[in-house]
Amino acid sequence: MSPKTKTDHVNAFWHHISNNRNQILMDSPMKIDITQIIREAHRIYHEHQAPPIFHGLNNTLIEATVSISNQNLSWEKPPPGTIKINVDGATGNNSIAAGIIARNEEGMVLACRTFFDGCWTGKDAPIEAEANAFLKGLELAAHYPNTPSIIEGDSKMIVTYITDDRLLFPWRIRSIILDSRQLLRSNPLSSVRFVPRTKNKAAHCLARQAINCKTSNYWILSSPCCISEVLASDDLISVI
């Protein structure tokens, strides 16, 4: 468990204690069930971590949409005649970045891009970085208007923000989400979907490269050496 996850669990625990403090103090004597308190804190934590969902939607459909397949946890080649664009965001000291990579059904790299903003200020940097990554991916897909394209990223939250216009989202990323929705509507051959990090390694490496090098770059029909091993691994596993 990461330090952040531990902190979130502790915060959820104290939140539940706080909500029930009057009962604990005023209704003495009473039997305090610590096991129940821990279970409730665990439930609050997972509700906090879950992506925002419109309550009118069918829960079974939502779970099926965002479920992670245990059968294949590596990058998969797109169907014939389709481009797959993987995107990911990253954060640094007062900076956000994005990595974008487009490949065809043979695993051939069509384009790569790194985006870096070193003058970023505010809060919720990870959310804005991921939102920017999807926007850049949709912008890249617009360069192939006659070819079906799949934009994949490992942020369930941003995927739901883009694909369901009934959801409310943070004001800070409003323009990014609205632009992403417009690009998606204007290109009916494009789609956006969630994948786990294990299927998004190339984009993740590009985003980290942007943070480390503090630069934005663009490659056509080529890729930087920082993702060579990932590409080779993705290609090998996809063939298997």
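Preceding block: the structure.
Every chain begins its residue count from 1, and numbering advances along the sequence as written. Residues qualify for local features only when their pLDDT is at least 70, as the model is predicted, and side-chain atom pairs are given and counted only at 80 or more; totals for whole chains, interfaces and linings, by contrast, use all residues. Hydrogens are left out, water is left out, and the side-chain values use all remaining heavy atoms of the structure.

With that settled, the discussion passes to the nonpolar core. Nonpolar cores are built from buried Ala, Val, Leu, Ile, Met, Phe, Trp, Tyr and Cys residues. Side-chain atoms within 4.5 Å join them into one set. Buried, partly exposed and exposed residues are distinguished by accessible area as a fraction of the type maximum, computed with a 1.4 Å probe on protein chains only: under 20%, between the cut-offs, and over 50%, respectively. Ranked by size, the top nonpolar core spans 29 residues in total, and within it I85, F134, I151, I158, I177 and V192 carry the most contacts. Comment: elements are numbered from the N terminus, with helices defined as DSSP H or I runs of at least four residues and strands as E runs of at least two. When residues in this core are grouped by element, the largest group, seven residues, is from helix α5 (residues 125-141). Excluding residues that lie within four positions of it along the chain, I85 makes contacts with I100, I101, A102, G137, L140, A141, I150, I151 and E152. Counting 10 residues, the second largest nonpolar core, distinct from the first, contains V109, W219, I227 and L231. Between two residues, a contact is recorded if the distance between any of their heavy atoms is within 4.5 Å.

Turning next to a nonpolar patch on the surface. Residues form patches when they are more than 30% accessible in relative terms and have no salt bridge. Like charges link within 9 Å. Nonpolar side chains (Val, Leu, Ile, Met, Phe, Trp, Tyr) link within 5 Å. Residue burial considers only the protein chains on display, and all accessible areas are found by Shrake-Rupley using a 1.4 Å probe. What counts as a salt bridge is simple: a side-chain nitrogen of Lys or Arg found within 4 Å of a carboxyl oxygen of Asp or Glu. Taken together, the side chains of M108, Y218, I220 and L221 define a hydrophobic patch exposed on the protein surface, amounting to about 420 Å² of accessible area. With respect to the helices and strands, M108 occurs in the loop between β2 (95-103) and β3 (109-117).

Note that D179 resides in helix α7 (residues 174-186). The spatial distance from the C-alpha of D179 to the C-alpha of L138 is 9.4 Å, given a sequence separation of 41 residues.

Looking now at the pattern of salt bridges. What the rule picks out here adds up to 10 salt bridges. In this structure, E76 and K199 form a salt bridge, with 3.1 Å as the shortest nitrogen-oxygen distance. Here the residue E76 occupies a position in the loop between α4 (59-66) and β1 (83-92), and K199 occupies one in the loop between β5 (190-194) and α8 (201-213), the gap between them amounting to 123 residues. The class of E76 is partly exposed, set by a relative accessible area of 31%. In this structure K199 comes out as buried when scored by relative accessible area, which is 12%. One network of salt bridges, in which partners are shared, links K84, E152 and R193.

Here the focus is the pairing of β2. Where burial is concerned, most of β2 is hidden: nine out of the nine residues are buried. Side-chain alternation along β2 places S95, A97, G99, I101 and R103 on one buried face and I96, A98, I100 and A102 on a second face that is also buried. Inspection of the sheet shows β1 paired to β2 by nine bridges, in the antiparallel sense. From the neighbouring strand, I85 faces β2, where its bridge partner is A102. Two strands qualify as a pair provided DSSP detects at least 2 bridges between them. Between β1 and β2, which pair antiparallel in sequence order, lie two residues; one of them, N94, sits at a positive phi of approximately 50°. Note: β2 against β3, eight bridges, orientation antiparallel. Counted as the bridge partner of A98 is F115 from β3.

So, on to the side chain of T114. Secondary-structure assignment places T114 in strand β3. Using a relative accessible area of 3% as the deciding quantity, one classes T114 as buried. A polar atom in the side chain of T114 sits 2.9 Å from the backbone nitrogen of N217. With residues near it in sequence (within four places) discarded, T114 still touches A98, L206, A210, T215, S216, N217 and W219. Here a polar contact is recorded for every N or O atom pair within 3.5 Å, except that within protein the pair must consist of a potential hydrogen donor and a potential acceptor, and residues adjacent in sequence are included only if both atoms are side-chain atoms.

To continue, consider the packing of aromatic side chains. Between the rings of Phe, Tyr and Trp (Trp by its six-membered ring), a pair exists once the centres lie within 6.5 Å; its type follows the angle of the planes, with under 30 degrees stacked, over 60 edge-to-face, and the other angles tilted. This structure, assessed with the given rule, holds one aromatic pair. Ring geometry for Y161 and F169: centres 6.0 Å apart, planes at 65°, overall edge-to-face. Residue class for Y161 comes out buried when judged on its relative accessible area of 6%. Judged by relative accessible area, F169 falls into the buried class, the value being 19%. The ring of W75 carries R103 above its face, with NZ or CZ at 3.8 Å from the centroid. As a reminder, the over-ring test applies to NZ of lysine and CZ of arginine, requiring each to be within 6 Å of the ring centre and within 35 degrees of the ring normal. Taking NZ or CZ as reference, K136 lies 4.6 Å from the ring centre of F115, over its face.

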